[in-house]
Amino acid sequence: MYDGEKLGFFFGAGASAEFGIPTLKALTKEFHEMIQSNDTKERCLFSQIYESMETIYGRDSVDIESILSVIVGLKDESKVRENVGD
């Protein structure tokens, strides 16, 4: 019989949302809205990727990790590297 002496809890990444800390999806959406006033190529790139992924995967399915994955993928393409930069 287990006496619970070494009992531990495992919380997923969403557990912090209950304490008012935004999820990656909420943070990404907030960031997207925040940078709309900037007129830079980075904002344009971020917005294009965000809006494309939102159209394809749905309004609440885009997070910063998926956007960064697309940017890394684009940067690896030699023709796009000049436009994306470091």
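Caption draft 1: Local environment of helix α2 (residues 41–57). Counted at 1.5 Å a residue, the expected span for α2 with its 17 residues is 24 Å, and the 24 Å between its end C-alpha atoms agrees. For α2, the set of buried residues is Arg43, Phe46, Ser47, Ile49, Tyr50 and Met53. Where the residues of α2 are buried, they touch α1 (24–34) and α3 (64–76).

Caption draft 2: Representation of the pattern of salt bridges within the structure. The final tally for this structure, using the stated rule, is one salt bridge. Arg43 serves as the salt-bridge partner of Asp39, at 3.9 Å between the closest nitrogen and oxygen. Look at Asp39 and you get exposed, because its relative accessible area is 70%.

Caption draft 3: Examining the side chain of Asp63 more closely. Position of Asp63 relative to the elements: it lies in the loop between α2 and α3. Although Asp63 lies buried, it forms no salt bridge, and the closest oppositely charged side chain, Lys25, sits 5.5 Å away as judged by the N-O distance. Beyond its immediate stretch of four places on either side in the chain, Asp63 contacts Leu24, Lys25 and Thr28.

Rules and cut-offs
- Residues numbered from 1 in each chain as written.
- Predicted model: local features only at pLDDT ≥ 70, side-chain atom pairs only at ≥ 80, totals over all residues.
- Heavy atoms only, no water.
- Helix = DSSP H or I, 4+ residues; strand = E, 2+ residues; numbered from the N terminus.
- Expected span 1.5 Å × (residues − 1).
- Buried < 20%, exposed > 50% of the residue type's maximum accessible area, 1.4 Å probe, protein only.
- Contact = heavy atoms within 4.5 Å.
- Salt bridge = Lys/Arg side-chain N within 4 Å of Asp/Glu carboxyl O.
- Lys, Arg positive; Asp, Glu negative; His and termini not counted.

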